[in-house]
Amino acid sequence: MAPTSAPQRTHERSPTTAPKPAPQVSELRVSRPAPVGRWALIIAGGYAAGLTASAFGVPAPYLLASLLAGAALALCGVVRDRLPAPAGRASQALVGALMGSYLTPAALVSAAPVALPMTVVTAATIALSVGVAWLLARRGRISRPSAVLGMVPGGSAAIVTCADELNADVRLVAFTQYLRVGLVATTAPLAAHWMTSGRPSAASGHPGGGGTAVGGLIHLVAGADQLSGLLALAAVCVAGSWAGRRLRLPTPMLIGPMLVALVATLSGAVPGFAPVGVLQNFVFVLVGMDVGVRFTRQTLRSMRRLLPPILVCMTVVCLGCAGLAWVFAGLTGTPFTDAYLATTPGGINAVLATTVSSHADVALVSTVQSLRLLVVVLVTPLIIRQLAASRPQPPSRVGGDMART
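Residues numbered from 1 in each chain as written. Predicted model: local features only at pLDDT ≥ 70, side-chain atom pairs only at ≥ 80, totals over all residues. Heavy atoms only, no water.

(A) Representation of the packing of helix H5 (residues 85–102) against helix H11 (residues 226–246) within the structure. Where H5 meets H11, the axes come as close as 9 Å, and the angle between the chain directions of the two elements is 110°. Judged by the angle between their axes, H5 and H11 are roughly perpendicular. For the pair H5 and H11, contact is made by Ala-93, Leu-94 and Ala-97 and by Leu-233, Val-236, Cys-237 and Ser-241, respectively. Here the contact of H5 with H11 is built from residues that sort into six nonpolar, one polar and no charged. (Axes fitted to C-alpha atoms, helices over the stretch in contact; angles between N-to-C directions. Helix = DSSP H or I, 4+ residues; strand = E, 2+ residues; numbered from the N terminus. Parallel < 35°, antiparallel > 145°, perpendicular 65-115°, else oblique. Contact = heavy atoms within 4.5 Å. Nonpolar A, V, L, I, M, F, W, Y, C, P; charged D, E, K, R; others polar.)

Here you go:
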């Protein structure tokens, strides 16, 4: 029995000793790069790209260079994730604080005479987008909810969030929304630079976009007291983000800080807190990078059949908005650059960054863009339900393919 039992024991040991996956798993865990460190390097590279673009005179250099860098990294497969959530939320809150800081009493009074044309242009922009979306749904094998949600300008994050609830394809809506934002963010700085190249630059409400140094101290906020200004900026961002979520505002991380900054600016009780210099450039880098990294190869492969009709529809919407800007400028006497930036179809963060960089009327642009954002988020669900009730539509074929990828 002994000779036969020994081989059995060795045979019993072999299955237990043969597989050794533990060292391989631990080696994989050790070799995986830390996400925080990787994103820090990517954002630093975006800032360096912005510095280089600024040296060559590129309009809105930090926004445009970081957007192109993020898209290149995503398409090459180097970046497979979105911008970390804390960085995205911080950039939205800081942009909101910057927007609110420009809405001074004088600026609001100057925008009051154009309230009626502004409302008409907002309604016409929404009607144009819905009409183009209706044609896209008929020709592009896309469901009406997906087409409308993809084409309406303003509130991209809020629109994507409500897509699932409205029986639309979330990935299709997200791609269409952020493709439009990417196109607007890329073309608006170039168009604004071309339109303003022949006229003297207006003075901006805050120090310039470059690093402003006084007495060896780099200014990060507009006020003279940097410490109190930074503390006030942090308080505006935190309180505004909390209020925006509590009040269920559309894009609460942007609109909430903007409203709190507006109250702080109008009251005059809070010292200068608007981001300037290096901090403002850093915010623009985060905004551009957040848009750029959304264009991955997988998303483009999933959308390649729909890309031509979507691009045609976006071109129609952009040209239509430019026409509305021409009408708005003619009726109100507003410079065409300001009217163009105020009526661009979406990309509010990128448009405001361009507005600041081109020294346009930030109060007018932010007022028109914010009004349209609020109206779009409020009326789009009603439009979707009305269109869906008029004639039932089968689910999008492309949407089903994308959901399986």
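(B) Focus on helix H3 (residues 35–55). With 21 residues, H3 ought to run about 30 Å at 1.5 Å a step, and its terminal C-alpha atoms sit 30 Å apart, in line with that. Those residues of H3 lying buried are Trp-39, Ile-42, Ile-43, Gly-46, Tyr-47, Gly-50 and Ala-53. Axial view of H3: buried residues confined to an arc of 140°, hence all on one face. Within H3, the exposed residues directed more than 90 degrees away from the buried face are Leu-41 and Ala-55. (Expected span 1.5 Å × (residues − 1). Buried < 20%, exposed > 50% of the residue type's maximum accessible area, 1.4 Å probe, protein only. Arc of directions from axis to C-beta.)

(C) Representation of the side chain of Thr-344 within the structure. With respect to the helices, strands and loops of the structure, Thr-344 is situated in the loop between helix H16 (336–343) and helix H17 (348–357). Within the structure, Thr-344 has its side chain in polar contact with the backbone oxygen of Leu-341 (distance 3.1 Å). Other than its neighbours up to four places away in sequence, Thr-344 contacts Val-184, Val-351, Gln-369 and Arg-372. (Polar contact = N/O pair within 3.5 Å; in protein donor to acceptor, adjacent residues only side chain to side chain.)

(D) Structural detail: the pattern of salt bridges. Under the definition given, this model contains two salt bridges. Linking Arg-38 and Asp-81 is a salt bridge whose minimum nitrogen-to-oxygen distance equals 3.5 Å. Note that Arg-38 is positioned in helix H3 and Asp-81 in the loop between helix H4 (61–75) and H5, a separation of 43 residues in sequence. Note that Arg-82 and Asp-290 form a salt bridge whose closest N and O atoms lie 4.0 Å from each other. In this pair, Arg-82 is assigned in the loop between H4 and H5 and Asp-290 in helix H13 (residues 277–292), connecting sequence segments 208 residues apart. When its relative accessible area of 47% is taken as the criterion, Arg-82 is described as partly exposed. Take Asp-290: its relative accessible area is 14%, and that puts it in the buried class. (Salt bridge = Lys/Arg side-chain N within 4 Å of Asp/Glu carboxyl O.)

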